[in-house]
Structure formats: C-alpha cells, structure tokens
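Architecture and fold: a report
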Amino acid sequence: MAIPLQLTFHNVQSSASVEEKIRENVQKLERFYNRVINCRVTVDAPHRNQRKGNLYHVRIDLTLPKENIIVNHNPSDETSHADIYIAIRDAFETARRQLQDYTNLHQ
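Just so it is clear, the structure is predicted and the values come from calculations on it, not from any experiment.

Some thoughts on the packing of aromatic side chains
On inspection of all chains with the given rule, the structure shows one aromatic pair. Geometrically, the ring pair formed by Tyr 33 and Tyr 102 is edge-to-face, given 5.7 Å between the ring centres and 80° between the ring planes. Residue Tyr 33 is found in the loop between helix H1 (16-32) and strand E2 (38-44), and its partner Tyr 102 is found in helix H2 (residues 84-105); the two are separated by 69 residues along the sequence.

Spelled out as structure tokens, the structure:
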C-alpha cells in the first residue's frame, strides 16, 4: 500500500529530482512501518542568510493509527542545510527514529 503523500514547496522551486528523493524516503518509511495513513512534507527556504545562504526547512507530518508524528527540522544552526538533499535526509532520519520509538511503544 502506498502512503498518500502531500508535497508542498514554499519559497523553493520544485524539481523532479527533489520530489523523487522525497518519494524514495517516504517509501523507506513505509517499508519500516506499513501502517502510516498519510504523509505531508513541506520544503521551505524561509529567508536568505547573508553568511549561510539559503537554508532549507523540511517539515514532515505523519498520520498514524493512534497519533501523529511531526518532524519540524529547523535549519537555524545547520549550515549543512544549505543543501536541500541534506535537509531532506536529516528530516527523514528524524522521522524514522520517531517512528521507531512509536512502534516500540505500541507493540
């Protein structure tokens, strides 16, 4: 079963490669836990920092049977998040850890 995905870009030009990377990560989450009901991902570049450049903010909302998991990966201190792919990777790693904690609690 494919997780329904809502993907939104704010202040960022969407691209096929970024969308594909996000879809790959959602599929990995589904393989880890196949009862995710819905997934919303928002990619944002809120403002341009003079020293750090554009830092990407990735938010992931997962709807699960008994609760929601929200990953709000704020790039304020992460200079590596000037790379959109690293920001996406870090957000999905956090989501996977939170999903793992959820599955451990509800087994």
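From this point, things continue past the structure.
Things to note about the pairing of strand E5 (residues 57-63)
Summarising burial for E5: six of the seven residues are buried, a large majority. In terms of strand pairing, E2 meets E5 through seven bridges, oriented antiparallel. Looking across to E5, one finds that Val 41 is bridged to Ile 60.

The rules behind each value
Residues numbered from 1 in each chain as written. Predicted model: local features only at pLDDT ≥ 70, side-chain atom pairs only at ≥ 80, totals over all residues. Heavy atoms only, no water. Phe/Tyr/Trp six-rings, centres within 6.5 Å; stacked < 30°, edge-to-face > 60°. Helix = DSSP H or I, 4+ residues; strand = E, 2+ residues; numbered from the N terminus. Buried < 20%, exposed > 50% of the residue type's maximum accessible area, 1.4 Å probe, protein only. Pairing = 2+ DSSP bridges.

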